[in-house]
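# Fold and contact review
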Amino acid sequence: MKIAIPTESGKISPHFGRCEKFVIVEIEDGKIKNKEIVENPASGGMHGVGTTAASIIGNYNVNALITQNIGPKVYNVFKQLGIEVYKCNTTSIDECVKLFLEGKLEKFE
């Protein structure tokens, strides 16, 4: 399983489409197997940055996204791609992954 997390300065970004980077976390047997950092080329854009960033994430075959907030257009892109979206209120990447693995994150609906 792969999880994408929007980040900025090593913490979860409050702005999905305008985040600096994404961390792609690969989970195997309930543990972190690998982390990959992916630049967000849409971060400096003016319009449509969220849907562009969602399309980029879709290319990495992720199963889930963990974010603090997400707009309805971007949520619909993830829904069409079959990627589940979870809300995490902390800014710690490791804490959000831990909560995800424990089944303690709320899904966006």
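To keep things clear, this report deals only with the structure shown in the data block. Computed from a prediction, not measured in an experiment: that's the story for all the values here.

## Digging into the overall build of the protein
Scanning the protein from terminus to terminus reveals 3 helices and 7 strands. The helix and strand sequence of the protein, counted from the amino end, reads β-β-β-β-α-β-α-β-α-β. For 109 residues, the compact-globule formula gives about 13 Å, and the C-alpha radius of gyration of the protein, at 12 Å, lands near that figure. Projecting the C-alpha coordinates of the protein onto the three principal axes gives extents of approximately 40 × 30 × 25 Å.

## Digging into the environment of Gly 44
Residue position: Gly 44 is located in the loop between strand 4 (31-39) and helix 1 (49-58). Under the relative-accessibility criterion, Gly 44 is labelled exposed at 65%.

## Describing the pattern of salt bridges
Applying the stated rule across the entire model yields 6 salt bridges. Of the charged contacts in the structure, one is a salt bridge between Lys 104 and Glu 102, with a shortest N-O distance of 3.3 Å. Given the relative accessible area of 37%, Glu 102 is considered partly exposed. Taken together, the salt bridges that share partners define one network made up of Lys 98, Glu 102 and Lys 104.

## Examining the packing of helix 1 against helix 2 (residues 72-81)
Running from amino to carboxyl end, helix 1 crosses helix 2 at an angle of 20°, the nearest separation of the two axes being 8 Å. Classified by the interaxial angle, the pair formed by helix 1 and helix 2 is roughly parallel. For the element pair helix 1 and helix 2, the recorded crossing hand is right-handed. Across the interface between the two elements, Gly 50, Thr 51, Ala 54, Ile 57 and Gly 58 from helix 1 touch Lys 73, Val 74, Val 77, Phe 78 and Leu 81 from helix 2. Grouping the constituent residues of the contact of helix 1 with helix 2 by class yields 6 nonpolar, 3 polar and 1 charged.

Definitions and limits used
Residues numbered from 1 in each chain as written. Predicted model: local features only at pLDDT ≥ 70, side-chain atom pairs only at ≥ 80, totals over all residues. Heavy atoms only, no water. Helix = DSSP H or I, 4+ residues; strand = E, 2+ residues; numbered from the N terminus. Rg over C-alpha atoms; globule rule 2.2 N^0.38 Å. Buried < 20%, exposed > 50% of the residue type's maximum accessible area, 1.4 Å probe, protein only. Salt bridge = Lys/Arg side-chain N within 4 Å of Asp/Glu carboxyl O. Axes fitted to C-alpha atoms, helices over the stretch in contact; angles between N-to-C directions. Parallel < 35°, antiparallel > 145°, perpendicular 65-115°, else oblique. Left-handed = near helix turned anticlockwise from the far one by under 90°. Contact = heavy atoms within 4.5 Å. Nonpolar A, V, L, I, M, F, W, Y, C, P; charged D, E, K, R; others polar.

Read these as geometric descriptors, not functional statements.
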